[in-house]
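Coordinate analysis (summary)
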Amino acid sequence: MTKLFNDPARFTEDMLVGFLDANSRYVSGVPGGVVRAHRTRPGKVAVVIGGGSGHYPAFCGTVGPGFADGAVVGNIFTSPSAEEAASVARAAHGDAGVLLTTGNYAGDVMNFGLAVTQLRSEGIDAHYFAVTDDIASAPRGEEAKRRGIAGDFTVFKCASAAAEDGLDLAGVIRVAEAANAATRTLGVAFDGCTLPGADHPLFTVPQGHMGLGLGIHGEPGVADEAMPTAAGLAATLVDGVLADRPDAADKRIAVILNGLGRTKYEELFVVWGEASRLLRERGYTVVEPEVGELVTSLDMAGCSLTVMWLDDELEKYWTAPADTPAYKKGAAQQPQSGELRSADDSENRATATHVADLSDDAGRAGGRLAARALGAMADVLADAEDELGRIDAVAGDGDHGRGMVKGSSAAREAATAAVAEGAGQGSVLTAAGKAWAAKAGGTSGVLWGALLTALGTRLGDTGTPDGKTVAAGVRDGYDALIQLGGAAPGDKTMLDALLPFVEELQRRVSDGQSWQEAWAAAAQTATEAARATADLRPKVGRARPLAERSIGTPDAGATSLALCARTVADCITATRSGENQ
């Protein structure tokens, strides 16, 4: 259990304070994460890695010469926001482009992809790449659907070494793609991890068993098996990984036996003794293996085996020296020739937008209503945090409740500030959407950010929107989510509650009902649709590998969407009652 913390909601921020202080010769803090203490030298591609925290030494612990130029640091098990990813990449970038790379998770793919779009609009040559090494999360032939777990490390290491070696951006991308295609990982869990402040783990493993095919965000394994001896575990891992080997002629391999946070190094060495023997008996030459904690999952008990099949180029970059806070390899690196970063590199130069001139009295009244509704949502979601986390943990990582609380709280603060500046409903919702996406991160963060922004854009800052405009704005939000998330109704996501809500709202408004009354009825429809997701099998996201386990439990995203819709309906009713008194 994670026992040492102050405010659980600020665990990541507090961790970064200590990490930066202890490693100031390597790293400097910037909004969204960390970068090397020295500026990127001219002509060098910057490699920016990242994802949610809780995986130390991944990801911030591997920033330094020979490895990453920067790391984006999200909340525990939650993707950083697009704004944070762009911020770190901007700070790490020199003059030769930047590669952003993460594991293959929906939130990371969306947020880092949006960051690349933003960076390119600023004239920075940016590219994104997702690692897909986890053989348990999708079968052969569907490698693009696989998660990135401890194989992140081999891909990040080789891409970073290629950048250090002077390859251009196309060359660094090529090496990352080659390393990913050559890497396979299989993991097991003996017990689940516990989020800071929680009093129970995200999942448990039956006594005397292990979970095979776990995820590194607290997701349980895809199957339970009897707990073997160290030799039996080594055979399970080796057989599983080799059975999925790529089409590689060379039998030279890089291997990582990775501890997940609670398994002792001594235990790992016992397993490694057996695994290395099995690999060599099968004709493999193991090149500079790594045994220890490289990609953890808070305090999860368990381990994973990663194999990367080598060619001459990949072997060169796998064995290249590196000097970072948590990972060192080969000869010590000489001090970089790049200049030390100044305090200006860490400044957030965001400027406030003056919105009062864009609105009128009616628009400002709408802005106040929007802010009240967002405040009510934040209160209700805070009360529902534990239950939303419990639902999410059945087949996911259990962070949905915490992410919704962080996002809605940030949205409330942004909306309140926008109202104080005289903003109309459109600017209030847009500010709230931007704050939600920035502070919550993850899949839900970027989706709620897009939903509120699309609604705000449609409503505008002047006048009182009529029912058809409100309904069209919600439809715009739904369309934005379809384009952004890659999911569809029936995939067991928030869309399965949002689409029925949109359709019922539009139907009732078209029939002449006021949008306020139509919203209340549509919220009930969304609630019923969210409950019905219990019968669905997830087809996207972290729950997909655990589809069977998910049946019988409603989707957390659909549940929170319906909860928010009902809360807004209650807020509207209370507001209208007050106006009529």
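Small disclaimer: the values here were computed from a predicted structure and weren't measured.

Conventions and cut-offs
- Chains are numbered independently. Their residues run from 1 in the order of the written sequence.
- Local features in this predicted model are restricted to residues of pLDDT 70 or higher, and side-chain atom pairs are both shown and tallied only at a pLDDT of 80 or more, whereas totals for entire chains, interfaces and linings draw on every residue.
- Side-chain metrics in this entry use all non-hydrogen atoms of the structure; hydrogen atoms and water are not considered.
- Between any two strands, at least two bridges found by DSSP are needed for them to pair.
- Runs of E in the DSSP output that reach at least two residues are strands. Runs of H or I that reach at least four are helices, and both are numbered from the N terminus.
- The axes used here are C-alpha line fits, helices contributing only the stretch in contact, and every angle between their N-to-C directions lies in the interval 0 to 180 degrees.
- Should any heavy atoms of two residues lie within 4.5 Å, those residues are considered in contact.
- Reported orientations rely on four angle classes, namely roughly parallel under 35 degrees, roughly antiparallel over 145, roughly perpendicular from 65 to 115, and oblique for the rest.
- Should the near helix be turned counterclockwise from the far one by less than a right angle, the crossing is left-handed, whereas a clockwise turn marks it as right-handed.
- Residue type decides the class: Asp, Glu, Lys and Arg count as charged, Ala, Val, Leu, Ile, Met, Phe, Trp, Tyr, Cys and Pro as nonpolar, and the leftover types, Gly among them, as polar.
- Basic side-chain nitrogens of Lys or Arg form a salt bridge, by our definition, when they fall within 4 Å of a carboxyl oxygen of Asp or Glu.
- Under the scheme applied here, a residue whose accessible area is under 20% of the maximum for its type counts as buried, over 50% as exposed, and between as partly exposed, the area being computed with a 1.4 Å probe on protein chains only.
- Looking at any residue, its pLDDT shows the predictor's confidence there, from 0 to 100.
- Here, expected helix span is obtained from the residue count minus one, scaled by 1.5 Å.
- Take the buried residues of types Ala, Val, Leu, Ile, Met, Phe, Trp, Tyr and Cys, join any two whose side-chain atoms come within 4.5 Å, and each joined set is a nonpolar core.
- UniProt positions are given in the numbering used here, feature names are shortened, and annotations may be inferred rather than shown by experiment.

A few words on the sheet that holds strand β4 (residues 70-76). Taken together, six strands build an open sheet; the order of strands is β1-β2-β4-β3-β5-β6 and the sheet is mixed. Looking along the sheet, the strands with just one partner apiece sit at the ends: β1 (27-30) and β6 (126-131). Adjacent strand axes in the sheet meet at a mean angle of 25°, parallel and antiparallel pairs treated alike. Relative to β6, strand β5 (residues 98-103) runs parallel, the two being bridged by six bridges. By the bridge assignment, Thr102 is partnered in β6 with Ala130. Across the sheet, helix α5 (residues 169-181) is in contact with β3 (46-53), β5 and β6; its angle to β6 comes to roughly 5°.

Between helix α3 (residues 106-121) and helix α12 (residues 442-459), the least distance of the axes is 7 Å, while the angle of their chain directions is 50°. The pairing of α3 with α12 is recorded here as oblique in orientation. Between α3 and α12 lies a crossing whose hand is left-handed. Of α12, the residues touching α3 (which contributes Ala106, Gly107, Met110, Asn111 and Leu114) are Gly442, Thr443, Val446 and Leu447. In the contact of α3 with α12, the residues fall into five nonpolar, four polar and no charged.

On to the pattern of salt bridges. Applying the stated criterion across every chain yields a total of 29 salt bridges. Between Arg36 and Asp69 there is a salt bridge; the shortest N-O distance is 3.4 Å. In this pair, Arg36 is assigned in strand β2 (residues 33-36) and Asp69 in the loop between β3 and β4, connecting sequence segments 33 residues apart. Classification of Asp69 by relative accessible area gives buried; the value is 2%. Between Arg174 and Glu313 there is a salt bridge, and its shortest N-O distance comes to 2.7 Å. One end of the pair, Arg174, is in helix α5; the other, Glu313, is in helix α8 (residues 312-318), with 139 residues separating them in the sequence. Given a relative accessible area of 39%, Arg174 falls into the partly exposed group. Since its relative accessible area comes to 25%, Glu313 is described here as partly exposed. Here the salt bridges do not stand alone but share partners, grouping Arg36, Arg41, Lys44, Asp69 and Glu164 into one network.

Here the focus is the environment of Gly485. Within the secondary structure layout, Gly485 lies in helix α13 (residues 467-485). Residue classification places Gly485 among the partly exposed positions, given a relative accessible area of 34%. If sequence neighbours within four positions are ignored, Gly485 has contacts with Met110 and Leu447.

A few words now on the pairing of strand β13 (residues 301-309). For β13, a buried count of nine out of nine residues is recorded, marking the element as mostly surrounded by other parts of the structure. The two faces of β13 match: Ala301, Cys303, Leu305, Val307 and Trp309 on one face and Gly302, Ser304, Thr306 and Met308 on the other face are all buried. As defined by bridge partners, strand β7 (residues 183-191) adjoins β13 across eight bridges and the pair is classed as antiparallel. Following the sheet pairing, Gly187 is matched in β13 by Ser304. Pairing analysis gives seven bridges linking strand β10 (residues 252-259) to β13, with the strands arranged antiparallel. Directly across from Ala254, in β13, lies its bridge partner Met308.

Summarising the element assignment, Asp357 is placed in the loop between β15 (328-329) and α9 (361-393). Classification of Asp357 as exposed rests on a relative accessible area of 78%. The spatial distance from the C-alpha of Asp357 to the C-alpha of Gly259 is 57 Å, given a sequence separation of 98 residues.

What follows deals with the confidence of the model for the protein. Per-residue confidence for the protein gives a mean pLDDT of 91, with 94% of residues at or over 70. Across residues 348-353 the pLDDT falls below 50, and counting only partners more than four positions away or on other chains, this stretch makes three contacts in the model.

Moving on: unusual backbone geometry. Following Tyr56, the chain continues to Pro57 via a peptide bond in cis, the omega torsion being 15°. Residue placement: Pro57 occurs in the loop between β3 and β4. Cis geometry marks the peptide bond from Ala58 to Phe59, where omega comes out at 5°. Assignment of secondary structure puts Phe59 in the loop between β3 and β4. In this structure, Phe77 is a non-glycine residue whose phi angle is positive, near 60°. Secondary-structure assignment places Phe77 in the loop between β4 and α2 (82-92). Overall, Phe77 belongs to the buried group, its relative accessible area being 0%.

Another point: helix α15 (residues 515-532). Taking 1.5 Å per residue, 18 residues should reach 26 Å; α15 reaches 25 Å between its end C-alpha atoms and fits that length. Along α15, the residues classified as buried are Trp515, Ala518, Trp519, Ala521, Ala522, Ala523, Ala526, Thr527, Ala529 and Ala530.

Counting residues in each nonpolar core, the largest one holds 93 residues, and the members touching the most others are Val172, Leu257, Trp272, Leu279, Leu305, Met308 and Trp318. Looking at this core, the element that brings in the most residues is helix α4 (residues 151-164), giving eight residues. Core analysis: the second largest hydrophobic core is formed by 60 residues, Ala370, Ala418, Val446 and Trp515 among them.

What UniProt calls "domain: DhaK" (unreviewed entry) maps, in this numbering, to residues 7-327. Measuring from the first to the last C-alpha atom of residues 7-327 gives 29 Å, for a span that is 32% helix and 24% strand.

The N-to-C vectors of helix α14 (residues 495-510) and α15 enclose an angle of 150°; their axes lie 8 Å apart at closest approach. On the basis of the axis angle, α14 is roughly antiparallel to α15. Considering only the axes of α14 and α15, their crossing is right-handed. From α14, Asp496, Ala497, Pro500, Phe501, Glu504, Leu505, Arg508 and Val509 reach across to α15, where they touch Trp515, Ala518, Trp519, Ala521, Ala522, Ala523, Thr525, Ala526, Ala529 and Ala530. Taken together, the residues of the contact of α14 with α15 sort by class into 14 nonpolar, one polar and three charged.

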